Amino acid sequence: MSLEPGLYVAATPIGNLKDITLRVLEALQGADVILCEDTRVTAKLLGGHGIKAVLRPYHDHNAAQMRPEVLERLQDGARIVLVSDAGTPLISDPGYKLVRAVRDAGLPVFTLPGPSAMVAALSIAGAPTDRFLFAGFLPPKSGARQSALRELVTIDATLVFYESGPRLAASLADMAAVLGDRRAAVARELTKLHEEVVEGGLAELAARYADTPPKGEIVVVVHPPEVAAPAAAD
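Residues numbered from 1 in each chain as written. Predicted model: local features only at pLDDT ≥ 70, side-chain atom pairs only at ≥ 80, totals over all residues. Heavy atoms only, no water.

## As for the overall build of the chain
Okay, step 1: Summing up its helical and strand segments, the chain has 8 helices and 10 strands in all.
Okay, step 2: Reported as C-alpha extents along the three principal axes, the dimensions of the chain are approximately 75 × 40 × 35 Å.
Okay, step 3: Out of the 234 residues belonging to the chain, those deemed buried represent 44%.
Okay, step 4: Across the chain, every contact between residues at least 6 apart in sequence was considered, and the portion connecting residues at least 24 apart equals 72%.
Okay, step 5: Counting only carbon and sulfur atoms, one obtains 53% of the accessible surface of the chain, whose full area is about 12200 Å².
Okay, step 6: For the chain, the distance from the average site of its 23 positive side-chain charges to the average site of its 28 negative ones is 5 Å. (Helix = DSSP H or I, 4+ residues; strand = E, 2+ residues; numbered from the N terminus. Buried < 20%, exposed > 50% of the residue type's maximum accessible area, 1.4 Å probe, protein only. Contact = heavy atoms within 4.5 Å. Areas by Shrake-Rupley, 256 points an atom, 1.4 Å probe, with all protein chains shown as cover. Lys, Arg positive; Asp, Glu negative; His and termini not counted. Charge placed at Lys NZ, Arg CZ, Asp CG, Glu CD.)

## Quick word on the side chain of S171
Okay, step 1: Along the chain, S171 turns up in helix α7 (residues 165–179).
Okay, step 2: Only 2.6 Å separates the side chain of S171 from the side chain of E163, close enough to count as a polar contact.
Okay, step 3: Residue contacts for S171: discarding those within four places in its chain leaves R145 and E163. (Polar contact = N/O pair within 3.5 Å; in protein donor to acceptor, adjacent residues only side chain to side chain.)

## What to know about the pairing of strand β6 (residues 132–137)
Okay, step 1: Direction of pairing for β6 relative to strand β7 (residues 158–163): parallel, over a ladder of 5 bridges. When the sheet's bridge partners are listed, F134 is paired in β7 with V160.
Okay, step 2: Remark: the β6/helix α6 (residues 142–150)/β7 crossover connection has right-handed handedness. (Pairing = 2+ DSSP bridges. Right-handed = clockwise from strand over helix to strand, strands pointing away.)

## Structural notes on the pattern of salt bridges
Okay, step 1: Applying the stated criterion across every chain yields a total of 9 salt bridges.
Okay, step 2: For R56, the salt bridge is made with E69, and the minimal N-O distance between the two is 2.7 Å. Of this pair, R56 sits in strand β3 (residues 55–57) while E69 sits in helix α3 (residues 63–75), and the two are 13 residues apart along the sequence.
Okay, step 3: Take R56: its relative accessible area is 28%, and that puts it in the partly exposed class.
Okay, step 4: A salt bridge links D104 to R100; the shortest N-O distance between them is 3.0 Å. With D104 and R100 both in helix α4 (residues 96–104), this residue pair falls 4 residues apart, about one helical turn.
Okay, step 5: With a relative accessible area of 38%, R100 lands in the partly exposed category. (Salt bridge = Lys/Arg side-chain N within 4 Å of Asp/Glu carboxyl O.)

## A closer look at the packing of aromatic side chains
Okay, step 1: This model, assessed by the stated rule, comprises 3 aromatic pairs.
Okay, step 2: Their ring planes at 25° and their centres at 4.7 Å tell us that Y8 and F110 sit as a pair that is stacked. Placement of the pair is Y8 in strand β1 (residues 6–10) and F110 in strand β5 (residues 109–112), with a sequence separation of 102 residues.
Okay, step 3: Note on Y8: relative accessible area 6%, which makes it buried.
Okay, step 4: Relative accessible area serves as the criterion here: at 22%, F110 is assigned to the partly exposed category.
Okay, step 5: Relative to Y162, the ring of F134 has its centre 4.9 Å away and its plane inclined at 65°; by these criteria the two rings are edge-to-face. On the criterion of sequence distance, the pair formed by F134 in strand β6 and Y162 in strand β7 is long-range, its members being 28 residues apart.
Okay, step 6: Judged by relative accessible area, which is 24%, F134 ranks as partly exposed.
Okay, step 7: Judged by relative accessible area, Y162 falls into the buried class, the value being 11%. (Phe/Tyr/Trp six-rings, centres within 6.5 Å; stacked < 30°, edge-to-face > 60°.)

## Points about the side chain of E163
Okay, step 1: The topology assignment puts E163 in strand β7.
Okay, step 2: In contact with E163, other than residues within four places in its own chain, are F137, L168, S171 and I218.

As structure tokens, this is what we get:
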């Protein structure tokens with residue numbers, strides 16, 4: 001397949017290497033360069049599919065220096081693929097400023113959709129999905145975390161967060177304190193061998209993980225606030 005020149009934003013597996021689309025494989029094979037968070041992680045993905053390619057790191061620490069180079073190559077007709085370590089780029093991963101700069105320059109940007117931990121967790125958590133808000137990672141310190149959560153209290157939608165294992169219990173406890181003891185689900189290691197979804201109240205879940213922080217990638221799905229039933233007429 002001959003790729004058109006432009007920037008390709010490509011989703012990669014969040015765990016199982018088979019969860020990759022044919023279009024993404026074609027783009028990875030036909031790219032002049034692949035921009036990735038960690039070249040070692042992307043090299044493993046490419047090796048699993050027998051692909052050899054030129055890899056360049058693109059992350060928060062070098063993005064400002066890399067963007068002019070990437071724009072210059074795109075203006076010269078290059079075919080560049082942007083990937084994250086797992087899932088869909090720009091979803092709590094670097095890339096927004098690059099896509100904005102490429103579009104502002106009048107150059108093409110193509111999406112190659114695929115896996116996203118947020119969508120995967122929503123699809124199996126059993127929470128309402130007609131309205132949801134993705135809040136990404138909460139601040140690491142409790143005070144700032146509770147402040148961020150207070151901004152979400154009145155939102156009538158399912159809330160979705162990413163979190164790390166060591167901070168999970170503390171985050172769940174702060175959610176219970178600020179949001180109330182809502183029903184929630186902790187989705188862990190999605191698409192991998194030890195995939196699990198644990199449901200319960202936020203306080204119950206905080207207690208569950210207090211002594212045994214889980215390993216792996218974690219998504220927390222919190223149900224919307226319950227609407228009180230209207231008072232009966234006299």
